[in-house]
Amino acid sequence: MYMIGRFLSLLSKSASMIGAVCVVLMMLHVTADVVGRYVFNAPLPGTIVIVANYYMIILAFIALGVTEEKRGHVSVDIFYNLFPKKAQTGLSVLGGLFTVAVIGALMIAGWSEAVKKTKAQTTMEQGSSLIEVWQSYWAIPIGAGLMLLIAAYHLITTLTGARSGLDDTDAEETFIND
């Protein structure tokens with residue numbers, strides 16, 4: 001089990017790196033567009049479409065698995081901490097099952113849409129250019145799939161009590177209650 005967690009953690013770190021590369025590329029792309037537009041009166045064609053349909057989509061959906069690994073999604077623990085340990089475990093399992101179900105539905109719907117857009121070779125028009133965007137639809141099922149795997153793994157380790165192997169806390173993270 002531990003090695004599965006380490007592998008999922010590696011996938012999460014890879015997704016994080018992809019996100020970081022997208023941030024840098026987006027920054028460079030937008031900067032080049034602004035410089036081209038205002039210094040040379042020649043903006044880069046398709047910047048808005050590429051930023052909105054590639055960089056932003058990849059950033060939003062690839063990060064789902066990373067956030068799930070770190071348990072960084074919003075949670076309200078106001079009453080949870082008042083319950084006994086068994087009740088807390090039960091609520092964690094219930095939340096995990098709900099997460100797996102919802103993200104599984106998102107992944108399936110994203111996959112279906114990505115297949116449709118790929119078959120149609122979907123493009124978007126900006127100015128006089130047509131830019132292919134069908135590839136960006138695959139970020140949704142990939143990101144949701146990574147989150148689904150990590151959420152299911154969290155659920156399994158919670159139920160079995162097995163050692164996780166996930167890197168689910170940051171070394172510099174501080175907790176209010178500690």
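Residues numbered from 1 in each chain as written. Predicted model: local features only at pLDDT ≥ 70, side-chain atom pairs only at ≥ 80, totals over all residues. Heavy atoms only, no water.

*Asks:* Explain the side chain of Glu 68 to me, using residue names and the numbers behind them.
*Replies:* Along the chain, Glu 68 turns up in helix H2 (residues 47-69). For the buried Glu 68, no salt bridge exists, and the shortest N-O distance to an oppositely charged side chain is 5.9 Å, to Arg 71. (Helix = DSSP H or I, 4+ residues; strand = E, 2+ residues; numbered from the N terminus. Buried < 20%, exposed > 50% of the residue type's maximum accessible area, 1.4 Å probe, protein only. Lys, Arg positive; Asp, Glu negative; His and termini not counted. Salt bridge = Lys/Arg side-chain N within 4 Å of Asp/Glu carboxyl O.)

*Asks:* Explain the packing of H2 against helix H4 (residues 139-160) residue by residue, including any values.
*Replies:* Look at H2 against H4: their axes get within 8 Å of each other, and the N-to-C directions meet at 5°. In terms of orientation, H2 and H4 fall into the roughly parallel class. Contacts between H2 and H4 involve Ile 57, Ile 58, Phe 61, Ile 62, Leu 64, Gly 65, Glu 68 and Glu 69 on the former and, on the latter, Ala 139, Ile 140, Ile 142, Gly 143, Ala 144, Leu 146, Met 147, Ile 150, Ala 151 and His 154. In the contact of H2 with H4, the residues fall into 13 nonpolar, three polar and two charged. (Axes fitted to C-alpha atoms, helices over the stretch in contact; angles between N-to-C directions. Parallel < 35°, antiparallel > 145°, perpendicular 65-115°, else oblique. Contact = heavy atoms within 4.5 Å. Nonpolar A, V, L, I, M, F, W, Y, C, P; charged D, E, K, R; others polar.)

*Asks:* Before we move on, could you go through the packing of aromatic side chains and cite the residues and values that matter?
*Replies:* All told, the structure shown has one aromatic pair when counted by the stated rule. Aromatic side chains Trp 111 and Trp 138 sit 4.9 Å apart centroid to centroid with 85° between the ring planes, which places their arrangement in the edge-to-face category. Placement of the pair is Trp 111 in helix H3 (residues 85-120) and Trp 138 in the loop between strand E2 (129-132) and H4, with a sequence separation of 27 residues. In this structure, Arg 163 is placed above the aromatic ring of Tyr 2, and the distance from its NZ or CZ to the ring centre is 3.8 Å. (Phe/Tyr/Trp six-rings, centres within 6.5 Å; stacked < 30°, edge-to-face > 60°. Lys NZ or Arg CZ within 6 Å of the ring centre and 35° of its normal.)

*Asks:* I'd like to hear about the pairing of E2, residue by residue, with values.
*Replies:* With four bridges connecting them, strand E1 (residues 123-126) and E2 associate as antiparallel partners. Looking at E2, one finds that Gln 126 is bridged to Ser 129. A loop of two residues connects E1 with E2, the two strands running antiparallel in sequence, and Gly 127 in this loop sits at a positive phi of about 65°. (Pairing = 2+ DSSP bridges.)

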